Every structure is written in C-alpha cells, then in structure tokens.
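Architecture at a glance
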Amino acid sequence: MGLAQKNFMAMMGRIQSAILLTALLVGPLMAPIELHAQSADGSSIVYLVRHAEKATDGDLSDPLLSAPGVVRANLVADMLVDIPLTTVYSTSFFRTVDTASPTAGMHGLPITDYDPRSRGAMAELVVTLRTTPGHHLVVGHSNTTPDLVEALGGDQVSAIDEAEYDRLYIVVIGPDGSVSSSMLRFGALWDGVPADAGH
C-alpha cells in the first residue's frame, strides 16, 4: 500500500468516526464535522457533492436552494473548513453555484465553471483533477456526480435518487496514478424513499 493510500485510509477512519460520533451525540444536522487530509506527496484529493436541496417554487428550470438546501450548503463549508482547498468547481446553475459559494467564500477561492453537457469539457475536467495536486471541491448533479467519480477512477457509483442529497464522495489520486475512493453521508440523511414513490 502506497503512502497516498495509507493517508487516505487514515483520513477515512477519522472522518467516519467523526460522523458516527456526531450522529450519535448531536444529530446529523449539527456541524462541523472535521475532515483532515494530506496531499504533501503530490496527491489530488477530490470532494464531490450533488447540489443541495432545491426549491420547488419559482423558476423550476433553474431553481434556487430551499431552506434545507442552504443549511446543507453551509454544512459542506463547515466540513471542509480545515481542508486546504485549491479549487472549487461548479456547473452554472443557481443550485450548484449556491451550494459551492459558502465553501468558496470561506477559502477565498473563485468558483470555476464547467459544463456537464459537454463531453469535451468533462474530459478536460477529469484530466485537470487527476493531474493537479491539491484539494478540489466539485459540485454537480444527481446524474453527473456518479459519472465523474467513476471517470476519476473511483468505485462504481449507484444512481442518486432525485430526493437524495446527502452523499459526499472523496476520490484520492496518488502521484503514481493509484486511486482510492469512498462515499460518506452527511447532514439530514435521505430516508430511502424514492422521490416518485406513490406517484
């Protein structure tokens, strides 16, 4: 096992312990959850989340975040407060930009736009993330985040339900090209009921 994989496994143990302790003691909405990771060895560590809960009123073609979505967006920032982020990526929709904004603002970083509908743009993003050492946050959608995890070399990802907003993926790409990945759940947890249940 290489240094990047050892660092990743140690980090995951700390993250999972913190999440379990938080859930048991203070409930899933209480933040921050401390994440610690090292990339001094040249690793690229990518954090991927779907946008937070979206509003069900207003412009439904490009909705804003709902009140729970705002809470979750701030929770992402709280979880990553101690991570030395180097870049923040988001699609251009309100719900993704508003999910990324608290984290970007906390770290004093611009939000770099990417187009998930362009195969060329997505391929370029994958290359950039795989070859740029540091810590990167990518905010996407239910139908793009799983694909991006897998394109980076992470484990196969199950489809994200329309009602599911609580996944955080972490993909660690070592300088030797080795890849480790994991999925955590955070904040208000999905109850497992599909969005279209009963419809």
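See above for the structure.
Throughout, a residue's number is its position along its own chain's written sequence, starting from 1. Whole-chain, interface and lining totals are the exception, using all residues; otherwise, since this is a predicted model, local features are given only for residues with pLDDT of at least 70 and side-chain atom pairs are given and counted only at 80 or more. Just so you know, side-chain values use all the structure's heavy atoms and leave hydrogens and water out.

1. Some thoughts on empty space enclosed by the protein
Buried and open spaces are told apart on a 1 Å grid over the protein atoms alone, a cavity being a set of points where a 1.4 Å probe fits but cannot get out and a pocket being an open set with protein on both sides within 12 Å along at least five of seven lines. Residues with an atom within 4 Å of a point are the lining residues. Grid points are joined across faces, edges and corners, and a volume is the space filled by probe spheres set on the points. For the coordinates displayed, the defined rule picks out one cavity of 30 Å³ or more. One number sums up the size of the largest cavity: a volume of about 40 Å³. In terms of lining residues, the largest cavity is bounded by Arg50, Ile160, Glu164, Tyr165, Asp166 and Arg167. Polar here means any residue outside two lists: the nonpolar Ala, Val, Leu, Ile, Met, Phe, Trp, Tyr, Cys and Pro, and the charged Asp, Glu, Lys and Arg; Gly therefore counts as polar. For the lining of the largest cavity, the per-class residue count stands at two nonpolar, no polar and four charged.

2. What about the packing of aromatic side chains?
Ring pairs shown here join Phe, Tyr and Trp side chains whose ring centres sit within 6.5 Å, with only the six-membered ring taken for Trp; geometry is labelled stacked below 30 degrees between planes, edge-to-face above 60, and tilted in between. A complete count under the given rule lists zero aromatic pairs for this structure. Here the basic side chain of Arg95 rests over the ring of Phe93, its NZ or CZ set 4.9 Å away from the ring centre. Two conditions define a charge sitting above a ring: the NZ of Lys or the CZ of Arg must be within 6 Å of the ring centre, and it must be within 35 degrees of the ring normal.

3. Regarding the sheet that holds strand β1 (residues 44–50)
Being paired, for any two strands, means DSSP has found at least two bridges between them. The way it works is that DSSP assigns letters per residue, a run of H or I at least four long becomes a helix, a run of E at least two long becomes a strand, and they are numbered from the N terminus. Ordered by their spatial adjacency, six strands build an open sheet running β3-β2-β4-β1-β5-β6, and the pairing between neighbours is mixed. At either margin of the open sheet sits one strand with a lone partner, and together these are β3 (111–113) and β6 (179–185). Mean inter-strand twist for the sheet, computed between neighbouring axes without regard to direction, equals 20°. Strands β1, β2 (85–90), β3 and β4 (134–140) of the sheet are contacted by helix α3 (residues 94–107), whose axis makes an angle of about 165° with β2. Note on definitions: angles span 0 to 180 degrees between N-to-C directions of axes, and those axes are lines fitted to C-alpha atoms, for helices only across the stretch in contact. We call two residues in contact whenever any of their non-hydrogen atoms come within 4.5 Å of each other.

4. Observations concerning helix α4 (residues 119–131)
For α4, which comprises 13 residues, the first-to-last C-alpha distance of 18 Å matches the rise-based estimate of 18 Å (1.5 Å per residue) to within 8%. A 1.4 Å probe rolled over the protein chains alone gives each residue an accessible area, and that area as a share of the maximum for its type sets the label: buried under 20%, exposed over 50%, partly exposed in between. Within the span of α4, buried status applies to Met122, Leu125, Val126 and Leu129. Buried residues in α4, looked at end-on, bunch into an arc of 100°, giving them a common side. Residues of α4 that are exposed and point over 90 degrees away from its buried face: Glu124 and Thr131. Those residues of α4 hidden inside the fold are in contact with β1, β2, β4, α5 (145–151) and β5 (167–173). Each residue after the first adds 1.5 Å to the expected span of a helix. Directions pointing from the helix axis toward each C-beta atom define the arc.

5. Digging into the nonpolar core
Throughout this description, the term nonpolar core refers to a set of buried Ala, Val, Leu, Ile, Met, Phe, Trp, Tyr and Cys residues connected via side-chain atoms within 4.5 Å. Within the largest apolar cluster, 20 residues are counted, with the highest numbers of intra-cluster contacts made by Tyr47, Leu85, Leu137 and Leu168. Mapped onto this core, the elements with two or more residues apiece are β1, α2 (67–79), β2, α3, β4 and β5. One finds Val46, Leu48, Val138 and Leu148 within the second-largest nonpolar core, a separate group that totals 16 residues.

6. Thoughts on the pattern of salt bridges
Pairing between side chains becomes possible if they bear opposite charge and their charged atoms approach one another. Here a salt bridge means any side-chain nitrogen of Lys or Arg lying within 4 Å of a carboxyl oxygen belonging to Asp or Glu. Per the counting criterion, the structure on display carries eight salt bridges. Linking Asp115 and Arg117 is a salt bridge whose minimum nitrogen-to-oxygen distance equals 3.3 Å. You can call Arg117 exposed: its relative accessible area is 64%. For the salt bridge of Arg167 with Glu164, the shortest nitrogen-to-oxygen distance reads 2.8 Å.

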